[in-house]
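# Topology and contacts: notes
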Amino acid sequence: MPAIDPIVHELARIVGADSVLYQREDLAAYECDGYTVHKHPPRAVVFPSCTEEVAAVVKYLHDQNIPFIPRGAGTGLSGGAVPLGGEVIISLVKMKRLLHVDYENRLAVVEPGFVNLKLTNSVAGKGYYYAPDPSSQYACTIGGNVGENAGGAHCLKYGVTTNHVLGLEVVLANGEIAEIGGVPDAPGYDLMGLLTGSEGTLGIVTRITVRILKNPEGKKTVLAYFDSVEEASQAVSDIVAAGIMPAALEMMDKTAIEGVEAGTYPVGHPKGVEAVLLIEVDGIAAGIDDQIAKIVSVCQGRKVSEVKVAATEEERARWWANRKTAFPAMGSISPDYLVQDGVIPRSRLPEVLEKIRQISERSGLRIANVFHAGDGNLHPLILFDARIPGETELAVRVGSEVLKVCADAGGSITGEHGVGIEKKEEMRYVFTDDELEAQLQIRDVFNPRNLLNPDKMFPKPGRCAEMRAAPVEIR
């Protein structure tokens, strides 16, 4: 092996020469994740195949004081896997086995590189599924989902990743291996809750025990078109106020509809409608029709222009494919786009969407809104053209302004995509300096030298603090 870099030589000794990338052309694919605004090459990429190899790699890098970043499929949207200073990337894609399924106790054990959707496909024959369903579930890994605390369209009823993680095996920043949680859950501090969503700054997950659920008896999906975003937003609150808890309650505005209809899975949404709601209910079969009737009635009370129930499973699947490919579909109507991930109280939807419209008008950049309306998790997609000088920077500023609106409405700057590098300065919108310092002290317990995914999640010290948003309003 060429002795160009002694670090590369030692990594190859640990995992094998064919499991290390170090040539410039090989590293190009690892310059960024799904957040493409920033691109920086890593020093090397190493592919361990088991927990012991991860631990050995981490211990070596720790002892050499070399920073490193864990990476899954690279589908993250906040730059959490972007190397900023020549870090070594530890890719976990070789660790992709389904290790164990216990149907009696409704759990499965997977390695971090196991793809999200493959778990549902693996247990579907026995009538089970894995509930967290991010739109990238066909590609994203469960290890990455743990790092970002990923959600999905059905998190309104079933919760996000942290609600389905039962145990973790973790390699700490110094190479030690720790077991966290398990079945039954041990008393004490909720370290699993702390690690889930820590964006790879506290440890590297190498084994995950997750909850699997029995398929519901019945499931039906409704599509409702509105001539007003405000009426559609009010219908969202009315549905929940009527005592219905949908499994999913999704919304797309006019620009988002234009994008999905130009994308890979068009379904014939009428031209000119201002908003569409996609509503799904599931549960005991005997009660599904009553819930659907209530939903239709609520929509009709909000001047719905058309409302229909999926007649077949094939039609339902097409509606969901249309919604779940909304992000990439924006590439059909714009050369580039930036995805945001703000959260607001559901009751503030009309007000916040109007402010986002005003931001779009002022900036001259179109913003497509596609989001989990039921729990107020917005995904404004800022459309721009990176070939035009200054438009990328403008899109980033527009994204920050959108997040400020969400924070000022009593919400948050992220619901499921993480902070990464994209939103770390915006952490000041929701936390004081003292609160940020408390979080840094927690990080320092696990990662005292800041070698593990350094310079992510937290703003640079010394920047003037923005005005803190009002406390989060729970509704």
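This structure is a prediction, so every number in the text was calculated from the model and none was measured.

Next up on the list: the overall build of the protein. For the protein, the count of helices and strands is 15 helices and 18 strands. A compact globule built from 475 residues would reach a C-alpha radius of gyration of about 23 Å, and the protein, at 22 Å, matches this within 12%. Scored against the burial criterion, the 475 residues of the protein give a buried share of 55%. Looking at the protein alone, contacts between residues at least 24 apart form 73% of all its contacts between residues at least 6 apart. Of the roughly 20100 Å² that the protein leaves accessible, carbon and sulfur atoms contribute 51%. For the protein, the separation between the mean place of its 47 positive charges and that of its 63 negative charges on side chains is 2 Å.

With that out of the way, let us pick up the UniProt feature "domain: FAD-binding PCMH-type" (unreviewed entry) in the protein. Here the UniProt-annotated "domain: FAD-binding PCMH-type" (unreviewed entry) positions come out as residues 38-215. In the segment residues 38-215, helix accounts for 21% and strand for 25%; the C-alpha atoms at its two ends are 41 Å apart.

Turning to the pairing of strand β18 (residues 380-384), a few remarks are in order. Along β18, five of the five residues are buried, which leaves the element largely enclosed by surrounding structure. Covered by surrounding structure in β18 are P380, I382 and F384 together with L381 and L383, the residues of both alternating faces. As judged from the four bridges shared by strand β16 (residues 336-339) and β18, these two strands associate in the antiparallel manner. The residue bridging L338 from the neighbouring strand is I382, located in β18. Relative to β18, strand β17 (residues 367-372) is paired through three bridges, and the arrangement is antiparallel. In the sheet register, I367 faces β18, and the bridge partner there is I382.

What counts and what doesn't
- Residues numbered from 1 in each chain as written.
- Predicted model: local features only at pLDDT ≥ 70, side-chain atom pairs only at ≥ 80, totals over all residues.
- Heavy atoms only, no water.
- Helix = DSSP H or I, 4+ residues; strand = E, 2+ residues; numbered from the N terminus.
- Rg over C-alpha atoms; globule rule 2.2 N^0.38 Å.
- Buried < 20%, exposed > 50% of the residue type's maximum accessible area, 1.4 Å probe, protein only.
- Contact = heavy atoms within 4.5 Å.
- Areas by Shrake-Rupley, 256 points an atom, 1.4 Å probe, with all protein chains shown as cover.
- Lys, Arg positive; Asp, Glu negative; His and termini not counted.
- Charge placed at Lys NZ, Arg CZ, Asp CG, Glu CD.
- UniProt positions renumbered as here; feature names shortened; annotations may be inferred.
- Pairing = 2+ DSSP bridges.

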